[in-house]
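For reference, the chains in residue letters:
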Amino acid sequence: MKKFAVVAAMATALMGTTAAMAVDLEVTHWWTSAGEAAAIAEFAKAFEAETGNTWVDSALAGSGTGANPVIISRIIGGDPMGATQMNTGRDAEELIQAGLMRDLTDVVADMDIESFYVDASLLEPCRFEGGLYCLPINIHSWDWLWLSTAAYEKIGQPVPKDWNEYVASWPALQDAGVLPFGLATGWPISGVPGVLMSGLGGSDLVLAINRDKDASAVRGPEFRKVAEALDSLRQVISPDMMVPSFGDVGTQLLEGTAAGNIHGDWLQGDLQVAGGVPGENYECLPALGLGDQLTGGGDSFYFPKLPEGTDQAVLDAQADLARILISPEAQLNFNMVKGSMPIRTDIDLAAANPCMQKALGMLGNGLLPSGDFALTSDTQQQLQDLSIEFIDDDSITVDDYVERYASIIESAE
Amino acid sequence: MADTALPLEAGAKVNRPSLLKRIILHNLPAKIAALPMMVTVLVVFVGCTLWTIYYSFTNSKLLPTGKFVGIEQYERLFATSRWNVSVTNLITYGVLSLIFTLVVGFILAVLIDQKIRFESAFRTIMLYPFALSFIVTGLVWQWIMNPTLGLQGTMRNLGWENFTFDWIANPRMVLYALLIAGLWQGTGFCMVLMLAGLRGVDEEIWKAARIDGIPTWRTYVSIVVPMMRGVMVTAVVIIGSGIVRLYDLVVALTNGGPGISSEVPAKYVYNYMFSGGNIGQGLAAATMMLLSVIIILIPWAYLEFGGKGRRT
C-alpha cells in the first residue's frame, strides 16, 4: 500500500510537470482527402515544432454538410475543441454573436494583420463589435473553367481560350462522342451560377447580388445572360451521364471523355494527384477567361472560448496556434500543398504552378465576395436547391429561374 | 370484472379519504419502476415535441434564439417547390409501399404456410434483407441500377443493345427505383409477421371451412384475414412509421436526384436544420411531418382504444 502511494505521488507529480510543459490542443477540420490531409499536417508540424505542444487531430468527414453540424453542435453543447476550421463566411456568425468564440484582437495585436492580408474584405466576417474572432488562412475560388486537352485533340481543335469559344465547340464535341460538360450529381452545380455571374455578368453584378442583395439586379439583363448560359448548359447535360463525385469529373477530363467543367480550385488537387500536368493534360481558365477578378472565400480558423478553469497553458497554446497559422512559413508550406492561395501578400510563390500563378495575378485586382462568403448558409441551400432543380427539369423556364433566384435574394439577410 | 369491482366499491364506501392514498400506494414498486420511463416520455417525447412546435414559429437560424414570427416559416415552406415535391413523393411512395408490402408479404406468408419443405430456409432467405440497413440496401441497389455499371450495362455488354433499365437516372421513374429497394428490404419482415398471424389461426377453423366446402382462397380472404386484425394493425403501424421517416434509403440510393425528383420530407428537415443552419424552417417541416403522423394515427387509435370496455 505504501509503495502504491509513492508511485501514485510520483505519477501525479510527473503528470503535473508534463502538463505544465506540453498540452494537448484538439483541432477539428474536414480536410480528409489525401492532398488536404497532407496540407493540414504542415500546420501540425509547425505547431508541434515551435511550441512543443501536441496537436490532437480530429478530422471529420463530410465537409460543410457533415462536419460543420458536428463542429457547431460541439461548440453549442459545451464541449468546445481547442481550434476549428470552418469556411470563411457567415456559417459561424451566430456563434460569434453568442460569445462562444475567443476574441483574438490581443493575440495578433503586434502582427499588424491589416498590412499583409491580401484583401481586407476577408477579415470582415471575423469582425464583430470591435473584436476579431477568426483568422482566414487561405483563399479558395470557384471561378475556374477546367478544360481537357485530350478531348480537344480528339476533335482536332485548339483548346478554347474563353467561355464563348468553349460554348462554340460543343456541337463538334458532341459529334465526336465527347461529353461537353462533365458534372457530378448534387452540390457541384451549386457553384456554377456564381462563376457564370462573375465571368459573364461582371464584377458589378456580383457585388450587387451577393453583397447588396439587390433583387432588381437579378431581374436585370446582365443576370439574364447567366440564366441563359445555364439553360444552354443543361441542354448538354443529362442525368444518366452524371458521375457520383467531383473527383470523377477530374478523371473524365484527364481521359478526354469530358471536355470541360466549372469547379473550384480544389479540383486541381485531384487532377494533380491523378498525374495531370497543367498546360499538358488540362488547361485552366480563371473567371472563364473573360473577367479579371475572382470571387473568393476560403477557410478560416476559429478558437472557441474554453470553459472556466481551463489551464492557462491551453489558452496560450490557442494563441500560439493562431499566430503560427498566419505566419509566412506556415502559410507558404500549407498553401503549396493545398493548392489554395495564401492570405499573405509578402511571401514568395515562384514555385506555384501556372494555374495558381494566373490566379495570383488576378488577386491584385481585389477579391469579389462569392456566394459562400457573403450569403447565409440558409440562402446558399435555397440557391443550391434551385440550381439542382433547374439543371434537371427542362420545364422550368429561364424566366422562372430568374424570378425564383430574385425572390430568394429578396428574402436573404 | 364483476368479482373485483364489488369489494373495491365496498371499500371506497367505508373509507373514502384513503382512495387517493390507495391510488398512489397500490403496487408502489411497479410505479417506482415505471417512473424513469414516464419521465422520459414526458420530458423527451412530449417536451421535445412541444419545443419543436414552439420554435417552428420563430425565425431561429443556427441557434434556437429567434423571435416569434407567426406562420412565416410555414408560408415559406409551402412556397418551396422542393418541399412540395418531397410531400408528393412521400405520398406516392407511401401508398404504393404500404399496399405492396402488405400484399406481397401476405402472399409470401401464405405460400410458406403450405407446409412446404425447407420452410425455415425460405424464411431465412426472405428475412435476410431486413437485417441490412437502408444505407447498405441503398448502395447495393445503386450499383445494380446504375445505367452504365449495373444491370443495364451488363445486359448491353452481353448483346442486348436495346435493354434499358435507367430508372435511377430518370426523373419520372426514380421513385419506383426507390420502391423496389424499399420492398426488397421490407417485405420479408412483413411476411414473418403475417406468418405468425397465420399460425395463430386455430386448425379447427380450417377443418370447419373444409367441411362446409369453402374454397381455400375464400377461407383466407373472408375468415383468416379478418381474424388476423391484430397482426395487420401491427404491420401497418411498423410499415407506416418506416415510410414517414424515409431518409437513409434516399440518401444512399439517389441523394434526392436526379434534380430534386426523389426528395423526401425528412431530408428537407435535415438539410435545412444542419447544412442550411435554419432551425425555424427545419422545425416547421418537422412539425408538418408530425401533423401527418397524427392525422393517420388518431383515427387508428380511436378505433383501437376507443369504445369503453371493448377488448380485442
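Residues numbered from 1 in each chain as written. Chains lettered and ligands numbered in written order. Predicted model: local features only at pLDDT ≥ 70, side-chain atom pairs only at ≥ 80, totals over all residues.

## Here we look at the environment of A151 of chain A
Residues and elements named next belong to chain A.
For step 1, the next point in the chain: Among the secondary structure elements, A151 is positioned in helix α6 (residues 149-155).
For step 2, the next point in the chain: In the structure, A151 is positioned 22 residues away from L173 in sequence and 7.8 Å away in space, judged by C-alpha atoms.
For step 3, the next point in the chain: Apart from the residues lying within four places of it in its own chain, the contact partners of A151 are L173, V178, G256, A258 and A259. (Helix = DSSP H or I, 4+ residues; strand = E, 2+ residues; numbered from the N terminus. Contact = placed C-beta atoms within 7 Å.)

## Section: the packing of helix α5 (residues 81-112) of chain B against helix α12 (residues 229-244) of chain B
All names here are of chain B.
For step 1, the next point in the chain: At a closest axis distance of 10 Å, the pairing of α5 and α12 adopts a crossing angle of 145°. Taken as a pair, α5 and α12 cross one another with a handedness that is right-handed. Of the residues in α12, those in contact with Y93, G94, S97, L98, T101 and L102 of α5 are A235, I239, G240 and I243.
For step 2, the next point in the chain: Tallied by class, residues from the contact of α5 with α12 come to 6 nonpolar, 4 polar and no charged. (Axes fitted to C-alpha atoms, helices over the stretch in contact; angles between N-to-C directions. Left-handed = near helix turned anticlockwise from the far one by under 90°. Nonpolar A, V, L, I, M, F, W, Y, C, P; charged D, E, K, R; others polar.)

## Remarks on the pairing of strand β3 (residues 83-87) of chain A
Residues and elements named next belong to chain A.
For step 1, the next point in the chain: Of all the 5 residues making up β3, 5 are buried; the element is thus mostly covered by neighbouring parts of the structure.
For step 2, the next point in the chain: Here strand β1 (residues 24-29) pairs with β3 via 2 bridges, running parallel. From the neighbouring strand, T28 faces β3, where its bridge partner is T84. (Buried ≥ 20, exposed ≤ 12 C-beta atoms within 10 Å, placed from the backbone. Pairing = 2+ DSSP bridges.)

## Observations regarding the nonpolar core
For step 1, the next point in the chain: Counting 109 residues, the largest nonpolar core has L135, L145 and L325 of chain A as its most contacted members.
For step 2, the next point in the chain: Counting contributing residues per domain, this core is built from domain 1 (21-141 + 296-354) and domain 2 (144-290 + 389-411) of chain A, each supplying no fewer than three.
For step 3, the next point in the chain: Look past the residues within four positions of L145 of chain A in its chain and what remains in contact with it is W163, Y166, G260, I262, L285, L288 and G289 of chain A.
For step 4, the next point in the chain: Judged by nonpolar contacts, the second largest core, of 48 residues, contains V174, A235, V264 and L283 of chain B. (Core = buried A, V, L, I, M, F, W, Y, C linked by C-beta atoms within 7 Å. Domains from an automatic or database assignment.)

## Some points on the environment of A406 of chain A
All names here are of chain A.
For step 1, the next point in the chain: Looking at where A406 falls in the secondary structure, it is placed in helix α20 (residues 398-411).
For step 2, the next point in the chain: On the basis of neighbour counts, which here come to 19 C-beta atoms within 10 Å, the residue A406 falls in the partly exposed class.
For step 3, the next point in the chain: Considering only alpha carbons, one finds A406 and L173, 233 residues apart in sequence, at a separation of 34 Å.
For step 4, the next point in the chain: Excluding anything up to four places from it in sequence, A406 contacts A215, V218 and R219.

## Remarks on the interface of chain B and chain A
For step 1, the next point in the chain: Across the boundary between the two partners, chain B contributes 22 residues, which contact 23 residues of chain A.
For step 2, the next point in the chain: Within the residue set of the side of chain B that touches chain A, elements represented by two or more residues are α5 and α14 (265-275) of chain B.
For step 3, the next point in the chain: In terms of residues, the side of chain B that touches chain A owes the most to one element, α14 of chain B, which gives 4 residues.

## Some thoughts on the domain arrangement of chain A
For an interface, size is often stated in terms of accessible area lost upon the parts coming together.
Residues and elements named next belong to chain A.
For step 1, the next point in the chain: Looking at the assigned domains, one finds that chain A contains domain 1 (21-141 + 296-354) and domain 2 (144-290 + 389-411).
For step 2, the next point in the chain: The C-alpha-based centres of domain 1 and domain 2 are spaced at 31 Å.
For step 3, the next point in the chain: In this assembly, 8 residues from domain 1 lie in contact with 9 residues from domain 2.
For step 4, the next point in the chain: In terms of residue class, the side of domain 1 that touches domain 2 is built from 2 nonpolar, 6 polar and no charged.

## Things to note about the pairing of strand β2 (residues 54-59) of chain A
All names here are of chain A.
For step 1, the next point in the chain: Sheet topology places β1 next to β2; 6 bridges connect them, and they run parallel. Bridge pairing in β2 links T28 to S58.
For step 2, the next point in the chain: Taken together, β1, helix α2 (residues 34-51) and β2 constitute a β-α-β crossover, and its handedness is right-handed. (Right-handed = clockwise from strand over helix to strand, strands pointing away.)

## Observations concerning the sheet that holds strand β7 (residues 144-148) of chain A
Residue and element names in this part refer to chain A.
For step 1, the next point in the chain: Taken in spatial order, the 4 strands line up as β8-β9-β7-β10 in an open sheet, and their pairing is mixed. Pairing within the sheet leaves two strands with one partner each, and these edge strands are β8 (179-181) and β10 (282-286). The mean angle between the axes of side-by-side strands here comes to 15°, regardless of whether they run parallel or antiparallel.
For step 2, the next point in the chain: Pairing geometry for β7 and strand β9 (residues 258-262), over 3 bridges, is antiparallel.

## Let's talk about α12 of chain B
Residue and element names in this part refer to chain B.
For step 1, the next point in the chain: In a regular helix each residue adds 1.5 Å, so 16 residues correspond to 22 Å; α12 covers 22 Å between its end C-alpha atoms and thus fits that length.
For step 2, the next point in the chain: Along α12, the residues that are buried comprise V231, A235, I239 and I243. For α12, the buried positions fall inside an angular range of 100° around the axis, keeping them on one side. Exposed side of α12, more than 90 degrees from the buried face: R229, G230 and S241 are the residues found there.
For step 3, the next point in the chain: Contact partners of the buried residues in α12: α5 and α9 (174-199). (Expected span 1.5 Å × (residues − 1). Arc of directions from axis to C-beta.)

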